[in-house]
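# Observations on the three-dimensional arrangement
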Amino acid sequence: QVQLVESGGGLVQPGGTLRLSCAASGSIFSINAMGWYRQAPGKQRELVATITSGGNPNYADSVKGRFTISRDNTKNTVYLEMNSLKPEDTAVYYCNADVRVLPWRRTTIYWGQGTQVTVSS
């Protein structure tokens, strides 16, 4: 089994900074892409950013220039540095990972439990 555990959420003022972390653990052979998604109250879950195993990032237009995704493959961990936060960034942030548990098995997408980010004065 594979577990993803997020940390780093909280309350921050507009213009502030937060750094989220998500560590994958368990029966992991390799991890392909990892990513961050968010879901605000009454809205669908949306893509924030993804990063390939080689470190190539992709961002939603709404966060380009403000958020940075990175990963440490030695720790099976993905990070999201969030700068210039806005009230509309308020949401539960979820990480996911495309994991191969055995070399001959297909990959499976795993999700974390989510961490709340609130941007408010």
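In what follows, the structure referred to is the one given above.
Inspection of every chain in the model, using the stated rule, returns one disulfide. Each sulfur in the disulfide pair Cys22 and Cys95 lies 1.9 Å from the other. Disulfide Cys22-Cys95: torsion about the S-S bond near 50°, hence right-handed. Of this pair, Cys22 sits in strand β3 (residues 18–26) while Cys95 sits in strand β9 (residues 91–100); the two residues are 73 residues apart in sequence, bridging distant segments of the chain. Of the residues examined, Cys95 reaches a relative accessible area of 0% and is grouped as buried.

A few words on the nonpolar core. Counting residues in hydrophobic clusters, the biggest one holds 31 residues, and the most contacted among them are Trp36, Leu80, Met82 and Tyr93. Elements with a minimum of two residues in this core: β1 (2–7), β3, β4 (30–39), β5 (46–51), β7 (67–72), β8 (77–82), β9 and β11 (115–119). Counting residues per element, this core draws most heavily on β9, at five residues.

Attention now goes to the pattern of salt bridges. The tally for this structure, following the rule as stated, stands at five salt bridges. One salt bridge connects Arg38 with Asp89, and the closest N-O pair in it is separated by 2.9 Å. Here the residue Arg38 occupies a position in strand β4, and Asp89 occupies one in the loop between β8 and β9, the gap between them amounting to 51 residues. No difference in accessibility class separates Arg38 from Asp89, as the two residues are buried. Lys64 is the partner of Asp61 in a salt bridge, and the nearest nitrogen-oxygen pair spans 3.2 Å. Through salt bridges with shared partners, a single ionic network connects Arg38, Glu46, Arg66 and Asp89.

Turning next to the side chain of Arg38. Residue Arg38 is classed as buried on the basis of its relative accessible area, which comes to 5%. A distance of 3.5 Å separates polar atoms of two side chains, one belonging to Arg38 and the other to Ser62. At 2.9 Å, the side chain of Arg38 and the side chain of Tyr93 are in polar contact. Here Arg38 is in contact with Gln44, Arg45, Glu46, Val48, Ser62, Val63, Phe67, Glu88, Asp89, Ala91, Val92 and Tyr93, once residues within four sequence places are set aside.

The rules behind these values
Residues numbered from 1 in each chain as written. Predicted model: local features only at pLDDT ≥ 70, side-chain atom pairs only at ≥ 80, totals over all residues. Heavy atoms only, no water. Disulfide = S-S within 2.5 Å. Helix = DSSP H or I, 4+ residues; strand = E, 2+ residues; numbered from the N terminus. Buried < 20%, exposed > 50% of the residue type's maximum accessible area, 1.4 Å probe, protein only. Core = buried A, V, L, I, M, F, W, Y, C linked by side-chain atoms within 4.5 Å. Salt bridge = Lys/Arg side-chain N within 4 Å of Asp/Glu carboxyl O. Polar contact = N/O pair within 3.5 Å; in protein donor to acceptor, adjacent residues only side chain to side chain. Contact = heavy atoms within 4.5 Å.

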